[in-house]
Amino acid sequence: MSLQQDIDAASAALEAQVIAWRRDLHQHPELGNREFRTASIVAEHLHALGFDEVKTGVAHTGVVGVLKGGKPGGVVALRADMDGLPVTEEVELPFASKARAVWNGEEVGVMHACGHDCHVAILMGVASILAGLRADIPGTVKFIFQPAEEMPPEGEEGGAALMIKEGVLEHPTPQAIFGLHVTSRQPAGVIGYRPGPTMASSDKLKITVLGKQTHGAAPWLGIDPIVTSAQIVLGLQTIVSRTLDLNREPAVVTIGAIKGGVRENIIPDSVEMRGTIRSFDEGMRDAIHERITILAEGISAASRATCKVCITKNYPVTRNDPVLTEQMVPTLTRVASTGPRPMGIEVVPKATGAEDFSFFQRLIPGLFFFVGVTPPDIEPSKAYSNHSPRFVVDERGLEVGVRALAHLAVDYLGSIKG
């Protein structure tokens, strides 16, 4: 109980500093695999705290710190993602981002429109607290500051998958991992969680339909890839609505971009479609991929066209380990019901967004949860969502995130029997 009280007291004392870190990071966002300033701030902080080990340059710009407690025990990992998004900020704040950068060959605005600035500041705060209490910690805490959660630039590797490839879960190997995400879907300070499938897998879809160019006034002299593509788009909607058992899990197939043709009276040679596939079950995920290919090729053949289907698997299903979740819910409940602004805890619906925290969960038990950051005067359903250029954070949620991760780490280590 004394250690729990010490964490709470330290978190309250550190709240203003965590907010200051967050504002500085928000004003200076960096895109995936380019988080040089952010990584430097994190590494300098961990070194100053006397961490036993600090590795930089992991998966391009990642930082990994190891903090050994004063008592023997297991190993637990905590993760925060660091990258911003190619979004131009539209929020009027004294610390609003004015940053510009190049993303996949295009100059863009850069903004922490998903709250990763909050995640970094929160985990820096946890590092400060646990370093100050290390003599009483029964085991080792590994801090993972991860780049490129929002996908690396085209042609580059990055994110959790590359960190794993470079050994982030080795030497020492954590027995569990915890991560959080701030969200506009809940009021500030409310903790949300869900056992089992929580966030969807995410896959990239590209279909190129190949026809035969001709004059638009004489379509019978060619093969129209535009009409064929329209039929494919409509056909794709039947994969979810007519071929999947939706009592099992939901799924989404969306075409978000279609490009073809340059003039109103010319039927082009080809049309390119791009989309996304979301699911909560790996078996259903593979079935969707197979059916997309069969359907697109079949419709194309019936129209005398051909097509190329390319599906790139991005992120697996974010699946919270049921046993670990059940074990740690009392910790989250205690955090949510105490502190300077107790707000409560709830089981949240599945989210069709995706998270590369899922790569860690495929190898070790993991729990990924949410902390609300919507101001009390705004109904969460009407708040600007994550990824919006007007996404706003009520910073009172940060202190809850700090206490949650710190208590999860200590309580989990305390539960391991030597």
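These lines cover the structure that appears in this document, whether it is placed above or below. Being a predicted model, the structure only gives us computed values, none of them experimental.

1. Structural notes on unusual backbone geometry
Look at the link from His171 to Pro172: it is a cis peptide, with omega at 0°. Mapped onto the secondary structure, Pro172 falls in the loop between α4 (159-165) and β7 (176-187). A positive phi is found at Met151, a non-glycine position, where the angle reads about 85°. Mapped onto the fold, Met151 is located in the loop between β6 (138-146) and α4. Overall, the relative accessible area of 28% leaves Met151 in the partly exposed class.

2. Re the pattern of salt bridges
Counted under the stated rule, the structure contains 24 salt bridges. Across the salt bridge formed by Glu355 and Arg79, the nearest N and O atoms sit 3.0 Å from each other. Of this pair, Glu355 sits in the loop between β17 (345-347) and α8 (357-361) while Arg79 sits in strand β3 (residues 71-81), and the two are 276 residues apart along the sequence. Each member of the pair Glu355 and Arg79 is classed as buried. In the salt-bridge network here, residues are joined through shared partners; they are Arg22, Arg23, Asp117 and Glu395.

3. Description of helix α6 (residues 282-302)
Between its terminal C-alpha atoms α6 stretches 31 Å, which fits the 30 Å expected from 21 residues at 1.5 Å a residue. Turning to α6, its buried residues number three or more, namely Met284, Arg285, Ala287, Ile288, His289, Ile292, Leu295, Ala296, Ile299 and Ser300. Packed against the buried residues of α6 are β10 (201-210), α5 (225-243), β12 (251-259), β14 (270-279) and β15 (306-315). Backbone geometry just downstream of α6 places Arg304 in the positive-phi region, at approximately 70°.

4. Looking at the pairing of strand β18 (residues 366-374)
Among the nine residues in β18, nine count as buried, and that is most of the element. Neither face of β18 is left uncovered, since the one carrying Gly366, Phe368, Phe370, Gly372 and Thr374 and the one carrying Leu367, Phe369, Val371 and Val373 both have all their residues buried. Of the strand pairs in this sheet, β7 and β18 are connected by eight bridges, and their pairing is parallel. Paired with Leu180 across the bridge in β18 is Phe369. Sheet analysis places strand β8 (residues 191-193) next to β18, joined by two bridges and oriented antiparallel. The partner of Ile191 across the bridge, within β18, is Val371.

5. Description of helix α9 (residues 396-415)
Relative to the 28 Å expected for 20 residues at 1.5 Å per residue, α9 spans 29 Å between its end C-alpha atoms, a close match to the ideal helical length. A large share of α9 lies buried, amounting to 17 of its 20 residues.

6. Concerning the pairing of β10
Counting buried positions along β10 yields seven of ten residues, so the element is predominantly enclosed. Note: β10 against β14, ten bridges, orientation antiparallel. Pairing of Asp203 across the sheet is with Ile277, part of β14. Where β10 lies against β15, nine bridges are found, and the strand directions are antiparallel. Within β15, the residue paired with Leu205 across the bridge is Ile311.

7. Observations regarding the sheet that holds β6
Within the open sheet, the eight strands sit side by side as β1-β2-β6-β3-β7-β18-β8-β17. Their pairing is mixed. In the strand order of this sheet, the two ends are held by β1 (53-58) and β17, each with one partner. With strand direction ignored, the average angle separating the axes of adjacent strands in the sheet is 25°. Judged from the four bridges that link them, β3 and β7 form a sheet pairing that is parallel. Bridging from a neighbouring strand, Leu78 pairs with Phe178 of β7. Against the sheet, α9 touches β3, β6, β7, β8 and β18, its axis set at about 150° to β3.

8. Some points on the sheet that holds β15
Taking strand neighbours across the sheet as the criterion, the four strands line up as β12-β14-β10-β15 in an open arrangement whose pairing is antiparallel. The strands lining the two open edges of the sheet, one partner per strand, are β12 and β15. Averaged over all pairs of adjacent strands, the angle between strand axes in this sheet comes to 20°, irrespective of strand direction. Along the sheet, α5 makes contact with β10, β12 and β14, crossing β12 at roughly 165°. Packed onto the sheet, α6 meets β10, β12, β14 and β15 and runs at close to 165° relative to β15.

9. A short note on the packing of helix α1 (residues 2-27) against helix α2 (residues 36-48)
Packing of α1 against α2 leaves a shortest axis separation of 10 Å and a crossing angle of 155°. Comparing the axis directions of α1 and α2 gives the class roughly antiparallel. With respect to the hand of their crossing, α1 and α2 are arranged in right-handed fashion. Of α2, the residues touching α1 (which contributes Trp21, Asp24 and Leu25) are Arg37, Thr38, Ile41 and His45.

10. Focus on the packing of aromatic side chains
Within the structure shown, the criterion is met by six aromatic pairs. Ring geometry for Phe51 against Phe143: centres 5.2 Å apart, planes inclined by 65°, an arrangement best described as edge-to-face. Note that Phe51 is positioned in the loop between α2 and β1 and Phe143 in strand β6, a separation of 92 residues in sequence. With respect to class, Phe51 is no different from Phe143; both count as buried. Plain terms: the ring middles of Phe178 and Tyr412 are 6.0 Å apart, the flat faces sit at 75° to each other, and that makes the pair edge-to-face. Taken together, the residues span a long stretch of sequence, with Phe178 in strand β7 and Tyr412 in helix α9 at a distance of 234 residues.

So, how was this worked out
Residues numbered from 1 in each chain as written. Predicted model: local features only at pLDDT ≥ 70, side-chain atom pairs only at ≥ 80, totals over all residues. Heavy atoms only, no water. Helix = DSSP H or I, 4+ residues; strand = E, 2+ residues; numbered from the N terminus. Buried < 20%, exposed > 50% of the residue type's maximum accessible area, 1.4 Å probe, protein only. Salt bridge = Lys/Arg side-chain N within 4 Å of Asp/Glu carboxyl O. Expected span 1.5 Å × (residues − 1). Contact = heavy atoms within 4.5 Å. Pairing = 2+ DSSP bridges. Axes fitted to C-alpha atoms, helices over the stretch in contact; angles between N-to-C directions. Parallel < 35°, antiparallel > 145°, perpendicular 65-115°, else oblique. Left-handed = near helix turned anticlockwise from the far one by under 90°. Phe/Tyr/Trp six-rings, centres within 6.5 Å; stacked < 30°, edge-to-face > 60°.

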